[in-house]
Every structure is written in structure tokens, then in C-alpha cells.
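Here's the letter readout for the chains.
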Amino acid sequence: METIIQCCNSDRTLVFDAERQSWLVAVKGKRYFVGDGDSQSILALLPFLELSVDSFKSAISEFASQHPACDFPYEVLIRGGFLHGSPHWTDCSLHWLSELREVDADFTDELQNIIENKKRYSQKSRQMATRLTKRSKPK
């Protein structure tokens with residue numbers, strides 16, 4: 001297993017298992033496969049949303065330059081913040097989605113939920129969700 005990036009202020013490390021061709025998050029000696037399947041975890045990724053997009057992308061790009069077939073599932077990371085639903089993780093996901101133009105997953109439902117939920121999300125978050133919704137629509 002190859003360590004890709006460690007979360008600052010956290011005991012989490014993103015690793016890649018070349019034998020299984022899988023991304024994992026290592027936390028206190030336990031490993032969680034990255035993904036949204038039954039045996040996978042999205043929530044283990046949440047602290048990585050607090051890292052800068054540039055530093056995370058840089059670490060992934062450096063790894064990918066040596067292992068071109070190993071794409072990181074950014075959409076899983078972003079979706080994790082939206083699924084958690086707290087304003088903090090939602091804001092992190094909105095920021096990442098705005099920074100990562102190459103993510104082509106459909107987040108229309110998540111963005112619409114933010115726009116419509118005035119009591120839970122700030123005006124700033126709702127406005128960002130509105131901008132991202134407009135960005136994703138075909139012209």
C-alpha cells in the first residue's frame with residue numbers, strides 16, 4: 001500500500017492498494033475502502049474535504065503520474081459532504097465542486113436541496129449552489 005496524503009489535524013491517511021486497485025482511508029489501524037458500495041465508506045473521507053483542493057489534487061496527480069490507470073473518485077469525496085448534510089461538510093463539498101471543473105457527476109439533487117433548505121443552509125451556501133446549478137446546465 002502506498003500512502004498518498006495524510007490529513008493534518010487528523011489520524012486519517014489516504015492510501016492506494018495496488019494489489020486490489022483500490023483507494024482506502026486508514027484510521028487508527030483500520031482501513032476503509034473508498035466508495036459508496038455496501039463494503040465501502042464515504043464518511044471516512046470527510047476530513048479530506050478540509051484540505052485545500054490544490055494540495056489534494058497535487059498529491060493525487062503526483063501519484064497518478066506513476067500509476068496512470070488509478071483515477072481518484074472525486075465525486076465520492078464531494079458526495080460524502082452532501083450526504084452528511086451538516087452545513088460545515090456541505091460548504092466543504094460546495095467549495096470542492098466549484099474548484100474541480102473536471103468532476104462530471106450529477107449533483108443536481110444535492111444542489112437543489114441546499115437551495116430550497118433556507119433554515120439549514122446559509123444564504124452564501126444557497127447562492128453558491130445556485131451558481132453551480134447554472135454552471136452544470138447545458139447552454
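Everything discussed here concerns the structure shown above.
Just so it is clear, the model here is predicted, and its values are computed rather than measured.

## Things to note about the sheet that holds strand S4 (residues 30–33)
Working step 1: Pairing within the open sheet is antiparallel, and its 4 strands lie in the order S1-S2-S3-S4. The open sheet has two free edges, formed respectively by strand S1 (2–6) and S4, since each of these has just one partner strand. The average angle at which neighbouring strand axes cross in this sheet is 30°, direction not considered.
Working step 2: Where strand S2 (residues 12–17) meets strand S3 (residues 22–27), 6 bridges bridge the pair, whose relative direction is antiparallel. Within the sheet, the bridge partner assigned to threonine 13 lies in S3 and is alanine 26.
Working step 3: Of the strands in this sheet, S1, S2 and S3 touch helix H1 (residues 53–66), which is tilted by about 165° from S1.

## What to know about unusual backbone geometry
Working step 1: Backbone geometry places glutamine 21, a non-glycine residue, at a positive phi of 55°.
Working step 2: Here glutamine 21 shows up in the loop between S2 and S3.
Working step 3: In this model, lysine 28 sits at a positive phi of 50°, which is unusual for a non-glycine residue.
Working step 4: As for its position among the elements, lysine 28 is in the loop between S3 and S4.

## Digging into the packing of aromatic side chains
Working step 1: As enumerated under the stated definition, the model contains 10 aromatic pairs in all.
Working step 2: A centroid spacing of 5.2 Å and a plane angle of 65° characterise the contact between phenylalanine 56 and phenylalanine 72, whose relative ring orientation is edge-to-face. A residue pair is termed long-range when its members are at least 10 positions apart, and phenylalanine 56 in helix H1 and phenylalanine 72 in the loop between H1 and helix H2 (74–84) qualify at 16 residues.
Working step 3: Ring centres of phenylalanine 56 and tryptophan 96 lie 5.2 Å apart, and the angle between their planes is 75°; this geometry places the pair in the edge-to-face category. Here tryptophan 96 lies in helix H3 (residues 87–99) and phenylalanine 56 lies in helix H1, a separation of 40 residues in the sequence. Considered together, phenylalanine 56 and tryptophan 96 belong to a single accessibility category, that of buried residues.
Working step 4: Put simply, the rings of Phe16, Trp23, Phe48, Phe56, Phe63, Phe72, Tyr74 and Trp96 touch in pairs and so form one group of aromatic residues.

## Section: the pattern of salt bridges
Working step 1: Evaluated as defined, the whole model comprises 2 salt bridges.
Working step 2: The partner of lysine 28 in a salt bridge is aspartate 11, and the shortest N-O contact between them spans 3.9 Å. Taken together, the positions of lysine 28 in the loop between S3 and S4 and aspartate 11 in the loop between S1 and S2 put the pair 17 residues apart, joining distant regions of the chain.
Working step 3: Between glutamate 110 and arginine 79 there is a salt bridge, with the nearest N and O atoms lying 2.4 Å from each other. With a gap of 31 residues between them, glutamate 110 in helix H4 (residues 108–116) and arginine 79 in helix H2 connect regions that are remote in the sequence.
Working step 4: Glutamate 110 sits in the buried class, given a relative accessible area of 18%.

What counts, and at which threshold
- Residues numbered from 1 in each chain as written.
- Predicted model: local features only at pLDDT ≥ 70, side-chain atom pairs only at ≥ 80, totals over all residues.
- Heavy atoms only, no water.
- Pairing = 2+ DSSP bridges.
- Helix = DSSP H or I, 4+ residues; strand = E, 2+ residues; numbered from the N terminus.
- Axes fitted to C-alpha atoms, helices over the stretch in contact; angles between N-to-C directions.
- Contact = heavy atoms within 4.5 Å.
- Phe/Tyr/Trp six-rings, centres within 6.5 Å; stacked < 30°, edge-to-face > 60°.
- Buried < 20%, exposed > 50% of the residue type's maximum accessible area, 1.4 Å probe, protein only.
- Salt bridge = Lys/Arg side-chain N within 4 Å of Asp/Glu carboxyl O.

None of this, on its own, says anything about what the molecule does.
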